[in-house]
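Structure assessment
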Amino acid sequence: MADDTIQQVYMRITQRMQDCQKQLAQIDAQISANQRETRLAALTKREIQDLDTSVPLYKSMGKMFIQETKEDLLKDIAQSAADAKTMVDALEKKQKFVKRDLDDATANLRDIIQSAQKNKK
């Protein structure tokens, strides 16, 4: 290949690698946030279950709080934990795909560099 073509391919592959690395960082942050949400829901559920049903419980709604029954609050917490778990599973699948794409780009870059070195010899 000509040097200009190799350089263009090299630039495209390095750009793709950088994009993949950015996506992986974003996915990792999202996974961490959702895992934190799951742990927080489990902790809150455990604390609420220990309370008597006569204790008034409140749920945050924007800038105000609404009184909820213990059962409704536990349902909301369970739903929140399930949503976070589902999101983590989806993000982990996406993470595998992006990692595979990054590995492919790295292999392509390695091949381009090796072929460029062979052409110079």
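Residues numbered from 1 in each chain as written. Predicted model: local features only at pLDDT ≥ 70, side-chain atom pairs only at ≥ 80, totals over all residues. Heavy atoms only, no water.

1. Focus on the overall build of the protein chain
- Across its full length, the protein chain holds two helices and two strands.
- Starting at the N terminus and walking to the C terminus, you meet the elements of the protein chain as α-β-β-α.
- The C-alpha atoms of the protein chain give a radius of gyration of 25 Å, which is well past the 14 Å a tight globule of 121 residues would have.
- For the protein chain, the share of sequence-separated contacts (at least 6 apart) that also reach a separation of at least 24 residues comes to 72%.
- Total accessible area on the protein chain is roughly 9200 Å²; 52% of this is exposed by carbon and sulfur atoms.
- Each charge class in the protein chain can be summarised by its mean position, and for the 21 positive and 19 negative side chains these summaries are 6 Å apart. (Helix = DSSP H or I, 4+ residues; strand = E, 2+ residues; numbered from the N terminus. Rg over C-alpha atoms; globule rule 2.2 N^0.38 Å. Contact = heavy atoms within 4.5 Å. Areas by Shrake-Rupley, 256 points an atom, 1.4 Å probe, with all protein chains shown as cover. Lys, Arg positive; Asp, Glu negative; His and termini not counted. Charge placed at Lys NZ, Arg CZ, Asp CG, Glu CD.)

2. Brief notes about a nonpolar patch on the surface
- Together, Tyr10, Met11 and Ile113 make up an exposed nonpolar region whose accessible area comes to about 280 Å².
- Looking at where Tyr10 falls in the secondary structure, it is placed in helix α1 (residues 3–49).
- With a relative accessible area of 35%, Tyr10 lands in the partly exposed category. (Patch = residues over 30% accessible without salt bridge, like charges linked within 9 Å, V, L, I, M, F, W, Y side chains within 5 Å. Salt bridge = Lys/Arg side-chain N within 4 Å of Asp/Glu carboxyl O. Buried < 20%, exposed > 50% of the residue type's maximum accessible area, 1.4 Å probe, protein only.)

3. Concerning the pairing of strand β1 (residues 57–61)
- Here five bridges tie β1 to strand β2 (residues 64–68), and the two strands are oriented antiparallel to one another. In the strand pairing of β2, Leu57 is matched with Glu68.
- Linking β1 back to β2 in an antiparallel pair, the connection comprises two residues, with Gly62 at a positive phi of about 70°. (Pairing = 2+ DSSP bridges.)

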